[in-house]
Amino acid sequence: MTAAIKGEDGLHRCPWGLSAPDYVAYHDEEWGRPVRDDQGLYERLCLEAFQSGLSWLTILRKREGFRAAFAGFDPEKVAGFGDGDVERLLHDAAIVRNRAKIEAAIANARAALDLPGGLAETLWRYADPDAPVPETLADVPASTPGSKAMAKELKRHGFRFVGPTTAYALMQACGMVDDHLAACHRRGAYR
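- Taking an unreviewed UniProt entry as the reference, the chain is identified by name as DNA-3-methyladenine glycosylase I belonging to Actinomadura namibiensis.

Here it is as structure tokens:
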């Protein structure tokens, strides 16, 4: 039932935003900030999928490695990756080396390019700007009807590693829902 916590700088943050130094910058500068371009959303979708079963801190610390390995998350470039690229990525210690997740990132690039209207238009249909304001971490859901619908739609178009929980994490990270806690200094900052 943890509410926002006051940091050393006097600002209240979501508790996870103070749990490690890497999180402070991510919490304050990126998490919840609207991402409306296909490439930015594709990157976040890939990173959320790679995070599945791991710590987000692991992904944050490997982010530059992921960007280098996946051509800056340019969907057109990643869509052209083949078997040789999969093998190369499986040997790249700068990323999480998981064949299913690597293959999903490539399949998702191809699926993103085939989406009518593009990835941003598809994902932002599920934004929920009127979601309830969470007071504590216990008030933050793992998934919502919107994230379930988003995951279902993405899977229908051939996306992989996009269940309702991953879809909701994407919605939170990309500003489709504002899950900064009520007393957090970033709450409502991007409206």
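This is not the end of the story, as more comes after the structure.
**A look at the overall build of the chain**
Line of reasoning, step 1. Along its length, the chain carries nine helices and two strands.
Line of reasoning, step 2. Element order for the chain, N to C, with α for helix and β for strand: β-β-α-α-α-α-α-α-α-α-α.
Line of reasoning, step 3. For 191 residues, the compact-globule formula gives about 16 Å, and the C-alpha radius of gyration of the chain, at 17 Å, lands near that figure.
Line of reasoning, step 4. If one aligns the C-alpha atoms of the chain with their principal axes, the spans along those axes are about 50 × 35 × 25 Å.
Line of reasoning, step 5. The buried share of the chain, taken over its 191 residues, is 50%.

**Some points on the environment of His-185**
Line of reasoning, step 1. With respect to the helices and strands, the residue His-185 is situated in the segment after helix H9 (164-173).
Line of reasoning, step 2. Taking relative accessible area as the criterion, His-185 reaches 27% and is therefore assigned partly exposed.
Line of reasoning, step 3. Expressed as a C-alpha distance, the spacing of His-185 and Ala-4, which sit 181 residues apart in the sequence, is 8.9 Å.
Line of reasoning, step 4. Dropping the residues within four chain positions of it, His-185 is found in contact with Leu-11, His-12, Arg-13 and Asp-28.
Line of reasoning, step 5. Polar contacts involving the side chain of His-185 include one to the side chain of Asp-28, which spans 3.1 Å.

**Let's talk about the packing of aromatic side chains**
Line of reasoning, step 1. Evaluated as defined, the whole model comprises ten aromatic pairs.
Line of reasoning, step 2. When the centroid spacing of 5.7 Å and the interplanar angle of 45° are considered together, the rings of Tyr-26 and Trp-56 count as tilted. Note that Tyr-26 is positioned in helix H1 (residues 21-29) and Trp-56 in helix H3 (residues 56-69), a separation of 30 residues in sequence.
Line of reasoning, step 3. Using a relative accessible area of 7% as the deciding quantity, one classes Tyr-26 as buried.
Line of reasoning, step 4. For Trp-56, a relative accessible area of 14% gives the class buried.
Line of reasoning, step 5. Aromatic ring contacts, followed pair by pair, group Tyr-42, Phe-50, Phe-66, Phe-70, Phe-73 and Phe-81 into a single cluster.
Line of reasoning, step 6. Here the basic side chain of Arg-88 rests over the ring of Phe-81, its NZ or CZ set 5.4 Å away from the ring centre.

**What to know about the pattern of salt bridges**
Line of reasoning, step 1. Applying the stated criterion across every chain yields a total of 13 salt bridges.
Line of reasoning, step 2. Arg-67 is paired through a salt bridge with Glu-64; the nearest N and O atoms lie 2.7 Å apart. A residue pair is termed a helical-turn pair when its members lie 3 or 4 positions apart in one helix, as Arg-67 and Glu-64 do in helix H3 at three residues.
Line of reasoning, step 3. We classify Glu-64 as exposed; its relative accessible area is 53%.
Line of reasoning, step 4. A network of salt bridges, in which partner residues are shared, links Glu-30, Glu-43, Arg-44, Arg-63, Glu-64 and Arg-67.

Parameters at a glance
- Residues numbered from 1 in each chain as written.
- Predicted model: local features only at pLDDT ≥ 70, side-chain atom pairs only at ≥ 80, totals over all residues.
- Heavy atoms only, no water.
- Helix = DSSP H or I, 4+ residues; strand = E, 2+ residues; numbered from the N terminus.
- Rg over C-alpha atoms; globule rule 2.2 N^0.38 Å.
- Buried < 20%, exposed > 50% of the residue type's maximum accessible area, 1.4 Å probe, protein only.
- Contact = heavy atoms within 4.5 Å.
- Polar contact = N/O pair within 3.5 Å; in protein donor to acceptor, adjacent residues only side chain to side chain.
- Phe/Tyr/Trp six-rings, centres within 6.5 Å; stacked < 30°, edge-to-face > 60°.
- Lys NZ or Arg CZ within 6 Å of the ring centre and 35° of its normal.
- Salt bridge = Lys/Arg side-chain N within 4 Å of Asp/Glu carboxyl O.

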